[in-house]
Every structure is written in C-alpha cells, then in structure tokens.
Amino acid sequence: MQLKQYQQTTLDILRRYLTALTEQQGKQAQAAAMKIPFKWDQAAWDDARPNARYAPRVTGAKQSIPAVCLKVPTGGGKTLLAVKAIDAISAIYRRAQTGLTLWIVPTTSIYNQTLKSLRDRAHPYRQQLDMASGDQTLILEKDAVFSPEDV
C-alpha cells in the first residue's frame, strides 16, 4: 500500500526513535554497571525528536519502558500505521519476528472491522503482519487461550 506523506513522515520519526532506543539501551547497560542513573528512553526521544515533549513510562519495578503514540486524524490510516509500526518495532528495536501485540480499539464496530481485516490472509494489513512475524501471525480474541510457545 502506498503511504501518504504524513504517514511516511510519522513512520520515519518512529524509526528514528527505535534506532535511537537501541543505541541508548547500550549506554543504559554501561550506566547501570557504574550505578549511574540514565533515562535511556528519554535520551532516545531527545535524539529522535529534539524539543518535542516525551511522557516517560515505567514498569512496576520503576524501570523505564519506551512509549510512543502515533497521532493521526480520523480516517488517517491508523490501522495501516499500526501494522507498519509493528513491523518497524520488530525489525529495528526487538530484532526478532516473535512477540505479542495487544491491539486495543475504542468501539465494537472498529473491533469487528479490524478483526475481519487481520484475519483475512489476502488483506494488506494481514500480509504486512505476516511479513513482520515470519508468517507466524496468530490473531486471537481476548477470551482465547494461548501458550508461551504462541508468543
């Protein structure tokens, strides 16, 4: 699918952030070894988006966890950007074709529409997910049972 300019720009910024995250994560390991506090996710954001606001997130153990929000208008292709983002996160940051993605939508109608698209192996969204996962995409609903091997 051909991306619109603002979609491409959005993904370019995401890719810059993901690349910076991998670089800053290495620095985080060095800082931790020397017991020096270092907000690697914030540093990565500053590299990717100087002068842009970053809202840090932490785990229950108070460890930094990277966070990003793609903000586009209604009808702006959020689902397309989401599948492209999953691909970028897998390739650049995680460097793996495995993992778990929790997909949250605001309404039942969007849920049904998205689920239909993602289950259809001929749909471009599903094809993008299959490429990102090495053709191991598994679409499950919230009440489905899955195992660690599925992830």
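Anything mentioned here points back to the structure above.
First, a word on scope: everything that follows refers to the structure included in this document. All figures in this text were calculated on a predicted structure; none of them were measured in a lab.

## Quick notes on the overall build of the protein chain
Part 1: The number of helices and strands found in the protein chain is 5 helices and 2 strands.
Part 2: Along its sequence from the N terminus, the protein chain presents helices and strands in the succession α-α-β-β-α-α-α.
Part 3: With respect to the principal axes defined by its C-alpha atoms, the protein chain has extents near 50 × 40 × 25 Å.
Part 4: Going through the 151 residues of the protein chain one by one, you find that 28% of them count as buried.
Part 5: Sequence separation of at least 24 residues holds for 53% of the intrachain contacts in the protein chain that already meet a minimum separation of 6.
Part 6: Between the mean site of the 20 positive side-chain charges and the mean site of the 13 negative ones, the protein chain shows a separation of 8 Å.

## A word on the packing of helix α3 (residues 78-94) against helix α5 (residues 124-132)
Part 1: Orientation of α3 relative to α5, taken along the N-to-C sense of each, is 5°, at an axis distance of 9 Å. By the criterion of interaxial angle, the relationship of α3 to α5 is roughly parallel. For the pair α3 and α5, the contacting residues are Thr-79, Leu-80, Val-83, Lys-84, Ile-86, Asp-87 and Ser-90 in the first and Tyr-125, Gln-128, Leu-129 and Ala-132 in the second.

## A few points about the pattern of salt bridges
Where side chains of opposite charge bring their charged atoms close, a pairing between them can arise.
Part 1: Scanning the entire structure with this criterion turns up 5 salt bridges.
Part 2: Ionic pairing is found between Arg-119 and Glu-141, a salt bridge with its closest N-O pair at 3.1 Å. Here the residue Arg-119 occupies a position in helix α4 (residues 108-119), and Glu-141 occupies one in the segment after α5, the gap between them amounting to 22 residues.
Part 3: Residue Arg-119 is classed as partly exposed on the basis of its relative accessible area of 43%.
Part 4: In this structure Glu-141 comes out as partly exposed when scored by relative accessible area, which is 29%.
Part 5: Residue Arg-121 is joined to Asp-130 by a salt bridge in which the shortest nitrogen-to-oxygen separation is 3.4 Å.

The rules behind each value
Residues numbered from 1 in each chain as written. Predicted model: local features only at pLDDT ≥ 70, side-chain atom pairs only at ≥ 80, totals over all residues. Heavy atoms only, no water. Helix = DSSP H or I, 4+ residues; strand = E, 2+ residues; numbered from the N terminus. Buried < 20%, exposed > 50% of the residue type's maximum accessible area, 1.4 Å probe, protein only. Contact = heavy atoms within 4.5 Å. Lys, Arg positive; Asp, Glu negative; His and termini not counted. Charge placed at Lys NZ, Arg CZ, Asp CG, Glu CD. Axes fitted to C-alpha atoms, helices over the stretch in contact; angles between N-to-C directions. Parallel < 35°, antiparallel > 145°, perpendicular 65-115°, else oblique. Salt bridge = Lys/Arg side-chain N within 4 Å of Asp/Glu carboxyl O.

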